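As a plain string of letters, each chain reads:
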Amino acid sequence: MGKKRSGPLSPEDMDRYFNDPEFRRQRGNKNPAGPPRRWLRMLLIVGLPTAIILGVYTWYLFSGLPGLEKIENPRPELSTRVFSSDGEVLDQFFIKNRSQVALKDIPITIQNALIATEDKDYYSHWGVDAIRFIKAMIKNALTLFRHPEGASTITQQLARNLYLGHDDKNAFDTVTRKIREFITSIQLERNFTKEEILEFYLNVVYFGRGSYGIASASQQYFGKTIQELTLPETAMLIAVVKGPAYYDPIRHPERALARRNVVLGQMLKYDYITEEEAERAKAVPIQLKATDEYARAGIAPHFVEYIRQQLSEKAEKYGFDIYRDGLSVYTTLDSRMQRHANHAVDEHLTIYQALFDKEWNWSREREALSFVIDQAIRTSGMYRNAGTARARDSVYQALKADRPWLDSMMHVAQQIEIGFVAVDPSSGGIIAMVGGANFKQFKYGLNHVTQIRRQVGSAFKPFVYTVAIDNGYPPTFELWNQPVTIFMPDGKRWTPSNSDMTFGGKSTIREAIRMSINLVAVRAVQSIAPINKVIDYAKRMGITSPLPPYESLALGAGEVSPLEMASAFGVYPNHGVYVEPTSILRIEDKDGNVIEENFPMQREVLSEETAFLMTSMLEGVVNGGTGSHVRDFFQLPAAGKTGTTSEFADAWFVGFTPQISASVWVGFDNKSVRFKTWDGQGGRAAAPVWGRFMKYVYEDPDIAMPLEYFQRPAGVLQETICTETKKLATQYCPSTTTEFFTTKVLPGRCDKHTTSKWKEGEEGQGTISF
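Residues numbered from 1 in each chain as written. Predicted model: local features only at pLDDT ≥ 70, side-chain atom pairs only at ≥ 80, totals over all residues. Heavy atoms only, no water.

A. Spotlight on the overall build of the protein chain. Looking only at helices and strands, the protein chain has 28 helices and 23 strands in total. Split into buried and exposed, the 770 residues of the protein chain put 49% on the buried side. Accessible surface, the protein chain: about 37,800 Å² in total, of which carbon and sulfur atoms supply 52%. (Helix = DSSP H or I, 4+ residues; strand = E, 2+ residues; numbered from the N terminus. Buried < 20%, exposed > 50% of the residue type's maximum accessible area, 1.4 Å probe, protein only. Areas by Shrake-Rupley, 256 points an atom, 1.4 Å probe, with all protein chains shown as cover.)

Encoded structure:
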């Protein structure tokens, strides 16, 4: 038998226990003061790690909670909205597509639908429903979180959306988040009123399809403001909140409909709507907004990207984040005119691309093909990413042998490109912009209005003649339409010619503009409009691109952007005043405070008399001149100038009405591809786009553009002149016409036709010759 253990020690034995080793051995080393040591060890082994784990978890739990300052000053990420001048949202910049709206502006039906469905006791609890929370956690634990129950109040959902996120990877993450939601919800209720919490919720919760907040969701699904939503539409949006992907009305319309009807049932249950309203709403099918052709890129993608680039430059100056701070950017663009610009471009390119495809044949354009393929390979990602010369050569040979790839590159190269822009001459505001043929799919890329510079051909001639008119030469001044040879600075000889290869006698400035006579323009810079003056005037009128100081500039050798041309030509209808082109009117923060407001710079660069005389001559281009194709579409007052560069590489038409100045460039990104016939002339390839646009704008009853005419200033007189002598006609001049003159350069009386004999000669009764 084992040795019998004795009971607790007496005071005497306790003294022996600590002083007598033999006595202590006999007692079995039993601790006289408490439990055996193995229990202490067990307690240390189990209790200490548990305490450490609990401490670490508590630290982890509270470290993931939002700080007091963050709770008191929530900053949900808000999208920046870009508005047209007529109030349409053109696009948004965002990481999360969210728009801010005050609770007072949110219809009560939306608020009631949310409360009835998500949290019927919202106004009576203190942020959490403790009993529901505990029940849900027990059920989740029993099912190992395979089908987790939410039991979240509106406040808890807000805490999750505003601060905590949804990135649960396992049951541990879910439990932790739920506890954090519980704690954060109580803090929210302590810091905000029920109304403020409800407003936060309806502005931050995710509704699917990239939309955060009720305002963005309303636009996303129905294309409406929240004030325009019907009861069935309201119910559907609230239905989506439970599971934006699961109840997506586009992918899962049956689920969305069933859930929408649940929302309506809840509203009926809690007396927010009547039974009749519920049944009537349930009978309505889900009707989402129609997807139009601009759904992907918006109606003005090139303009919006132009705005984004400007905002990015301003961000450092003002310290805002265009993707998070919920700015409102008010622009000059008119959405109605933009749609007409899109329509005009689309119609013209549909016709013209088919026409070009019929005439272009790569097998006959071997040099162009070689250039296109070489350029495509060398700019490809595979070639540029190759690390060595040998690797690049391998890529080069592989792509050159890849027939499908070559076909795709050839297809891209022969696509006609376009740049169209319209501005308001009086304000400088850009009112329409189509920066490329890909405007239906464009998001980022080349803008053929602001980011290209091409030779403008004869569209530059008005600057030459503006110098002449402004320096006292009348429209009737005559120059020789004869060949000329010019020695260039490099010693080469330049011998320009007219486009039709003909020449003749003298031509007036008016006729030279109307028929775009090259030789007269060149002689003008040699005699009455020095090239340095031409450059000076062009710069004053808004051309900012470098211009070559050679006679060839008279025929458009300088490279200029379409936006520069539209703004510069705007000087003529604006009575000689240049207004710098603008696109942003005002930038406001999310609370409506003005960050920046723009007032365009303007300056008088021509006399109003010169502006009118130039307008009068440019009207002739449209009325019977090289730009007469405009009249196939548009019959109201208009003026402009065509431009065509060598071998039909670039086609231009720049023109204006009393209210709009617009520029059109048509060509190809790859300069080795070009029109092969006169279809590439500016009057055919570009002017019809301008004419279509003006027709659609002026016929639009919503725009209601008033009919205006070019107003003749007091300093300009309209006189009848002799067509032969270009002087004021006498009663005996056989042929007359009307012409405009300034009071300073009024011509004398015709001194050739001074007797009735000239009239008799005209009538076949005799002629007199000298």
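B. Expanded view of the sheet that holds strand β6 (residues 328–331). Taken together, the five strands give an open sheet; going across it, the order is β2-β1-β6-β16-β17, and neighbouring strands pair in mixed fashion. Each edge of the open sheet carries a strand with a single partner, namely β2 (89–93) and β17 (594–597). When strand polarity is set aside, the average angle formed by the axes of neighbouring strands in this sheet is 15°. Pairing of strand β1 (residues 80–83) with β6, which is carried by three bridges, proceeds in the parallel orientation. Directly across from Val82, in β6, lies its bridge partner Val329. (Pairing = 2+ DSSP bridges. Axes fitted to C-alpha atoms, helices over the stretch in contact; angles between N-to-C directions.)

C. Highlighting the side chain of Arg454. The topology assignment puts Arg454 in strand β9 (residues 454–455). The exposure class assigned to Arg454 is buried, which follows from its relative accessible area of 9%. Here Phe668 takes part through its backbone oxygen, which lies 2.8 Å from a polar atom of the side chain of Arg454. Leave out the neighbours within four places in its chain, and Arg454 touches Gly558, Glu559, Val560, Asp650, Trp652, Trp665, Phe668, Asp669 and Lys671. (Polar contact = N/O pair within 3.5 Å; in protein donor to acceptor, adjacent residues only side chain to side chain. Contact = heavy atoms within 4.5 Å.)

D. Fine view of the environment of Glu77. Here Glu77 shows up in the loop between α4 (68–72) and β1. Once the C-alpha coordinates of Glu77 and Ile95 are considered, the two residues, 18 residues apart in sequence, prove to be 7.6 Å apart.

E. Just the nonpolar core, in detail. Counting residues in hydrophobic clusters, the biggest one holds 60 residues, and the most contacted among them are Phe463, Tyr465, Val534 and Met565. Counting only elements with at least two residues in this core, the list comes to α20 (461–470), α21 (509–514), α22 (518–527), α23 (531–540), α24 (562–569), α25 (608–622) and β20 (650–656). Excluding its chain neighbours within four sequence positions, the residues that come into contact with Met565 are Val456, Ala459, Phe463, Ile543, Val560, Trp652, Val654 and Ser663. Ranked by size, the runner-up nonpolar core spans 58 residues in total, among them Trp360, Ile431, Ala432 and Phe675. (Core = buried A, V, L, I, M, F, W, Y, C linked by side-chain atoms within 4.5 Å.)

F. Structural view of helix α19 (residues 403–413). All buried positions along α19 are accounted for by Trp405, Leu406, Met410 and Ala413. Projection of α19 onto a plane perpendicular to its axis shows the buried side chains occupying an angular sector of 135°, all on one side. For α19, the exposed residues set more than 90 degrees away from the buried face come down to Pro404 and Val412. Elements in contact with the buried residues of α19: α16 (366–378) and α18 (389–400). (Arc of directions from axis to C-beta.)

G. Summary view of the packing of α16 against α19. Two elements in contact, α16 and α19, have axes separated by 10 Å at closest approach and are oriented at 110°. Relative to α19, the element α16 is oriented roughly perpendicular. Of α19, the residues touching α16 (which contributes Leu369, Val372, Ile373, Ala376 and Ile377) are Trp405, Leu406, Met409, Met410 and Ala413. The residue makeup of the contact of α16 with α19, split by class, is 10 nonpolar, no polar and no charged. (Parallel < 35°, antiparallel > 145°, perpendicular 65-115°, else oblique. Nonpolar A, V, L, I, M, F, W, Y, C, P; charged D, E, K, R; others polar.)

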